[in-house]
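Topology and contacts: notes
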There are 2 protein chains.
Amino acid sequence: MSWQPDRLLHLSLAAQIKDWMIRQIQSGEWPAGTKLPPQRKLALSLGVNRSTLQEAVDELKADGLLSSRTGSATFVANDSWHLLVKQRLPNWQQYIEASIHKSNDQTIQLINEFEQDASVIRLGTGELSPSLLPVNEIQASLGSLPLDGKTLGYSSPQGSETLRQAICDYVKKRGITTTPENICVVSGGLQALQLIALGLLQPGSLVLQHEYSYLNSVRPFQSFGMNLHGLSADQYTAEHIRKVRGRRQAILYTIPTLHNPTGECMTWEDKNALYQLCAAERLPVIEDDVYFELSFEPAAPAMKSLDRSGQVIYIGSVSKTLSPGLRIGWVIASAPVIQRISDIKMQMDYGSSALSQLVVEHWLRTGLYENHVRRLRAELQSRAELMEILLKQYFESKASWESPQGGFYIWLRFHEPVITKELFMRLLKKKVLIHPGYIYGAQDAHHLRLSFAYGSEKELRKGMEMLYREI
Amino acid sequence: MSWQPDRLLHLSLAAQIKDWMIRQIQSGEWPAGTKLPPQRKLALSLGVNRSTLQEAVDELKADGLLSSRTGSATFVANDSWHLLVKQRLPNWQQYIEASIHKSNDQTIQLINEFEQDASVIRLGTGELSPSLLPVNEIQASLGSLPLDGKTLGYSSPQGSETLRQAICDYVKKRGITTTPENICVVSGGLQALQLIALGLLQPGSLVLQHEYSYLNSVRPFQSFGMNLHGLSADQYTAEHIRKVRGRRQAILYTIPTLHNPTGECMTWEDKNALYQLCAAERLPVIEDDVYFELSFEPAAPAMKSLDRSGQVIYIGSVSKTLSPGLRIGWVIASAPVIQRISDIKMQMDYGSSALSQLVVEHWLRTGLYENHVRRLRAELQSRAELMEILLKQYFESKASWESPQGGFYIWLRFHEPVITKELFMRLLKKKVLIHPGYIYGAQDAHHLRLSFAYGSEKELRKGMEMLYREI
């Protein structure tokens, strides 16, 4: 008997042994009535301890495929073949457990699930309230889209050329001068990260980032073996970065304007200093700039505007401003990076929705977008004020926070470590959904990402009161 | 000197050489003042012609990193290190080469690129002609979409519930009875394959398939370490499959109706036999059914209709019928598979375009889709007849083929091995784009995937004449 379970597989040893035994029965190697070798001997030849083997045998007994008659001897059951034919169920759970991609964190899965329930009050959701989306204007603009057979066909690898031209014009307001050749249209910022992970990084690569980061709540890098490493404010030094990085390939991920989840904004001087540091260290940068339009005061230009050497991969999107449902974002980077990302995007989904691309182009070109985000900022600002009033009412003595400079979030810090999974579950049962700090930074029990962008005034008031009562 | 540029990379040879020279200087292999080998010798060892080398050298001279002093000798400039530090160019090529995802095959990249050029005649494209897309009807239907703030927000993990309900009703015509819980909406069939690769398979898993297969022309499985294995018609036996499979995790990929590229259709008896074989072998099946609506005679029910144990993962799409630009497809499978795929889809792109989902739901619900595909089949049938006339005119003595039963393709088999990369390139220079057999089956030089779906009558006539002349 040469087969042994593979300790490098995701699947447990017992599960592998169980699978192997089923194959032995199916293939006729062990016909019905076969007496199995003594367990001690079998465990030895499989290279596992007896309790592992016992686990597999017990499961197959429960399935009716093996049976014990006298004493400890184990037999292949007489009706085993019949059972197997009857079952014929592929064991998808085994496939899933052994597969490549990581599952979402359980808290995130619960958040995704309960966000579908309209009766839930969402206190942390990173999404505009349906009432803030320009539904009627989008509906009206659908009539003006220049549809034709070419547009409705497969997209070019980098996305619609006319949309890319419109993006070039649009990002001038961020201080960025670029060409359509340096842009790839993607299905939102998250896809951009996935494309960077698959197209530029390798297992073991290091992704440096803020100590509290949106990246910790998604899996585009972790699923492919890249390691995230959080830097506290005083660790953005050449010395520290060199020490952490060692000889590993590395990249820095940053949301310089309205950081998710903390809401922080880097000043122009901060951006400059960080850019210079990364340039000196030859550390490429991913600049995630999807929130800048929501800054209450005009935001400092993008870090990308400093870039003369193709150091910075810039990500933009309309998901936080116009509509997440359109699924349109863009990457701006040096030509080899864009070619690579576009090639992989073609291999993943053959490009983004042509309709969505047309809508975004129309909104950017006609000024509809500019007008909409102006109104949106005002709405968000009054929502932020409401949230601060509620915070002062309920949590002034228990927690601290900064007044938001824009965006969706207030990063609330409790003096005591009260933001636990248990609190999350308790509130969920009462139909209040929170975004605990621990999904953005491991072990955290002090923070909460509050969002003033989603709930109605009534929901925010009720939700904050319930939060207060449960804490 | 062992390094040579890689002709399969997208980056030009000169750019690769330039990058390599910078690495030589950076790493200290070529310190300041180094005299480069004579160009003739260097070009030879790099395996490129002198003009390519000259291009790289000229660019580095322009950058100030190389200089010529006397005659033809070239030196590393004395201030090269200083310049490099000042430039601080990240070496993206190194990132790309070491990264996870495979590049598209060079022929495929060229096809993607030249499909953007409207002056090119496309003889093999897997896409409907823009003139066959119902542009005006789609435009008209945009006015009737029930847009609201909820729909334009982030999607639920499995996609729009109402679209999934419409798909349930629609696939009854394929003999499939299912529920919205067993459906995940995806951005086209290719994304479905990527999600299956990442969510269910592992490096080393075996994907069994037709010996000539669309899968060989894309990379969703190969990029993550899965192995494709082609089966010829007589190898679909339990014995052969067991031998090939060994102990590896395996899955079977099949396009039973209008196979891409061969156009073959399995009869109901064939499907039944294959299903029974896979069930007995506990071999899960991916049934790719994106072409069935294009069958000239009603197609036999889907293999999925036989499935009582969740053995079959079924893929559908509107890309081959309504519009590839919408990017909407669907996966129908057992609950754990759908949950897994949906979870990963959320992590990859947060769902498909809401607008596109609304359009597809509207078209399925109102019968617009049914009417459109009926007209489309008639159009494709008359195009297929034209293509057969041209084939008889030019290739009757040189090649054989089956009359198409639907879809887009004729799988032309030449008696002589004439379908080479060289022929592909020669035709490309004359602005005729073909899909050579070797992108569907390694080493093949006998086949051509002809498509009668894309070119106009004039283009097809001209293209076929040019093909004839070049062969």
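As a convention, each chain's residues are numbered from 1 in the sequence order in which they are written. A letter from A marks each chain and a number from 1 marks each ligand, given out in the order of writing. In keeping with the predicted nature of the model, local features appear solely for residues at pLDDT of at least 70, side-chain atom pairs appear and are counted solely at 80 or more, and the whole-chain, interface and lining totals rest on all residues. Heavy atoms from the whole structure form the basis of all side-chain values; hydrogens and water molecules are not counted.

Quick note on the threshold: UniProt positions are given in the numbering used here, feature names are shortened, and annotations may be inferred rather than shown by experiment.
Per an unreviewed UniProt entry, chain A carries the name HTH-type transcriptional regulator NorG and comes from Paenibacillus antibioticophila. Quoted verbatim from the Sequence similarities (unreviewed entry) heading of the UniProt record, the comment on chain A is "In the C-terminal section; belongs to the class-I pyridoxal-phosphate-dependent aminotransferase family." Per UniProt, the comment on chain A under Cofactor (unreviewed entry) is "pyridoxal 5'-phosphate".

Topic: the overall build of chain A
What counts, and what does not: In DSSP terms, a helix is any run of H or I states spanning at least four residues, a strand is any run of E spanning at least two, and both are numbered starting from the N terminus. A simple rule labels every residue: compare its accessible area, found with a 1.4 Å probe on the protein chains alone, to the largest value its type can have, and call it buried under 20%, exposed over 50%, or partly exposed in between. Two residues form a contact once any of their heavy atoms are found within 4.5 Å. Under this rule, positive means Lys or Arg and negative means Asp or Glu; His and the chain ends count for nothing. Charge coordinates come from a single atom per side chain, which is NZ of Lys, CZ of Arg, CG of Asp or CD of Glu.
Secondary structure assignment for chain A yields 16 helices and 15 strands. With respect to the three principal axes, the spread of C-alpha positions in chain A is 80 × 55 × 55 Å. The burial tally for chain A puts 62% of its 471 residues in the buried class. The contacts of chain A with a sequence gap of at least 6 include a subset with a gap of at least 24, amounting to 72%. Each charge class in chain A was averaged separately, 50 positive and 48 negative side chains, and the resulting centres sit 6 Å apart.

What to know about the domain arrangement of chain A
As a reminder of what qualifies: Domain start and stop positions are those given by an automatic or database domain assignment.
Domain annotation of chain A identifies domain 1 (13-98), domain 2 (106-127 + 371-470) and domain 3 (157-366). Domain 1 of chain A and domain 3 of chain A are separated by 51 Å when their C-alpha centres are compared.

Re the interface of chain B and chain A
Defined as follows: Defined in terms of a 1.4 Å probe, buried area is the accessible area two parts forfeit on being brought together, summed over both. Put simply, a salt bridge is a Lys or Arg side-chain nitrogen that is within 4 Å of an Asp or Glu carboxyl oxygen. In protein, a polar contact requires one atom able to donate a hydrogen and another able to accept it; more generally it is a pair of N or O atoms within 3.5 Å, and residues adjacent in sequence count only if both atoms are side-chain atoms. Here the nonpolar group is Ala, Val, Leu, Ile, Met, Phe, Trp, Tyr, Cys and Pro; Asp, Glu, Lys and Arg are the charged ones; every other residue, Gly included, is treated as polar.
At the junction of the two partners, chain B supplies 100 residues and chain A supplies 103 residues. Taken together, the two surfaces of chain B and chain A that pack against each other cover about 8,600 Å², and 57% of this comes from carbon and sulfur. Our count for the chain B to chain A interface comes out at zero salt bridges. Here chain B and chain A share 44 residue pairs in polar contact (both at pLDDT 80 or more) between them. When residues of the side of chain B that touches chain A are traced back to their parent elements, those giving at least two are α5 (92-98), α6 (106-114), α7 (135-142), α9 (189-200), α10 (238-245), α11 (268-280), α12 (335-349) and α13 (354-366) of chain B. If one sorts the elements of the side of chain B that touches chain A by residue count, α12 of chain B sits on top with nine residues. Split into classes, the residues belonging to the side of chain B that touches chain A amount to 45 nonpolar, 38 polar and 17 charged.

Structural notes on the packing of helix α7 (residues 135-142) of chain A against helix α13 (residues 354-366) of chain A
All names here are of chain A. Inclusion rule: An axis is simply a line fitted to the C-alpha atoms; with a helix, the fit covers only the stretch in contact. Between two such axes, the angle follows the N-to-C directions and lies from 0 to 180 degrees. Put simply, angles under 35 degrees are roughly parallel, angles over 145 are roughly antiparallel, angles from 65 to 115 are roughly perpendicular, and the rest are oblique.
Where α7 meets α13, the axes come as close as 10 Å, and the angle between the chain directions of the two elements is 105 degrees. Of the possible angle classes, the one that applies to α7 and α13 is roughly perpendicular. Between α7, through E137, I138, S141 and L142, and α13, the contact on the second element is made entirely by V359, H362 and W363. Of the residues belonging to the contact of α7 with α13, the class tally is four nonpolar, two polar and one charged.

So, the sheet that holds strand β8 (residues 285-288) of chain B
All names here are of chain B. The cut-off we apply is this: One bridge is not enough; two strands pair if DSSP finds at least two bridges between them.
Spatially, β4-β10-β9-β8-β7-β5-β6 is the arrangement adopted by the seven strands of the open sheet, whose pairing is mixed. Lying at the two open borders of the sheet, with one neighbouring strand each, are β4 (183-186) and β6 (227-231). Strand-to-strand, the axes of this sheet are offset by a mean angle of 20 degrees, without reference to chain direction. Both strand β7 (residues 250-254) and β8 contribute to a ladder of three bridges, which runs parallel. Across the sheet, L252 pairs through a bridge with V285, a residue of β8.

Examining the pairing of β8 of chain B
Residues and elements named next belong to chain B. Inclusion rule: Convention used here: a crossover is right-handed provided that the path from the first strand, over the helix, to the second strand proceeds clockwise when the strands point away from the viewer.
Along β8, one buried face is formed by V285 and E287 and the opposite face, lined by I286 and D288, is buried too. Read as a crossover between parallel neighbours, the route from β7 over α11 to β8 is right-handed. Note that β8 and strand β9 (residues 312-317) share four bridges and pair parallel. If you follow I286 over to β9, its bridge partner there is I313.

So, the packing of aromatic side chains
Applied cut-off: Here is the rule: rings of Phe, Tyr and Trp (six-membered ring for Trp) pair when centre to centre is within 6.5 Å. Planes less than 30 degrees apart are stacked, more than 60 are edge-to-face, and the remainder are tilted.
Scanning the model with the defined rule gives 30 aromatic pairs over all chains in all. Between Y291 of chain A and Y409 of chain A, the aromatic rings sit 5.7 Å apart at their centres with planes inclined by 70 degrees, giving edge-to-face as the arrangement. One end of the pair, Y291 of chain A, is in the loop between β8 (285-288) and β9 (312-317); the other, Y409 of chain A, is in strand β12 (residues 409-414), with 118 residues separating them in the sequence. With respect to class, Y291 of chain A is no different from Y409 of chain A; both count as buried. Taking 6.1 Å as the distance between ring centres and 70 degrees as the angle between the ring planes, the aromatic pair formed by F395 of chain B and Y468 of chain B counts as edge-to-face. Separated by 73 residues along the polypeptide, F395 of chain B in helix α14 (residues 368-395) and Y468 of chain B in helix α16 (residues 457-470) bring together distant segments of the chain. Classification of F395 of chain B by relative accessible area gives buried; the value is 0%.

A few points about the pattern of salt bridges
Scanning the entire structure with this criterion turns up 38 salt bridges over all chains. For D349 of chain B, the salt bridge is made with K345 of chain B, and the minimal N-O distance between the two is 3.0 Å. Separated by four residues within a single helix, D349 of chain B and K345 of chain B lie in helix α12, roughly one turn from each other. Here D349 of chain B and K345 of chain B have matching classes, each one buried. One salt-bridge network, in which partners are shared between bridges, spans K173, E293, E370 and R377 of chain A.

With respect to the side chain of N182 of chain A
All names here are of chain A. The topology assignment puts N182 in the loop between α8 (161-170) and β4 (183-186). Engagement of the side chain of N182 in a polar contact is seen with the side chain of T179, the distance being 2.8 Å. Beyond its immediate stretch of four places on either side in the chain, N182 contacts V331, I332, A333, S334, A335 and I338.

Remarks on the sheet that holds strand β15 (residues 447-451) of chain B
Spatially, β11-β12-β15-β14 (chain B) is the arrangement adopted by the four strands of the open sheet, whose pairing is antiparallel. Each edge of the open sheet carries a strand with a single partner, namely β11 (399-400) and β14 (435-436) of chain B.

As for the environment of Q202 of chain A
Mapped onto the elements, Q202 of chain A comes out in the loop between α9 (189-200) and β5 (206-210). Accessibility expressed as a relative area gives 25% for Q202 of chain A, which makes it partly exposed. Along the primary structure Q202 of chain A and R247 of chain A are separated by 45 residues, whereas in three dimensions their C-alpha atoms are 13 Å apart. Leave out the neighbours within four places in its chain, and Q202 of chain A touches M226 and Q249 of chain A together with A98 and I100 of chain B.

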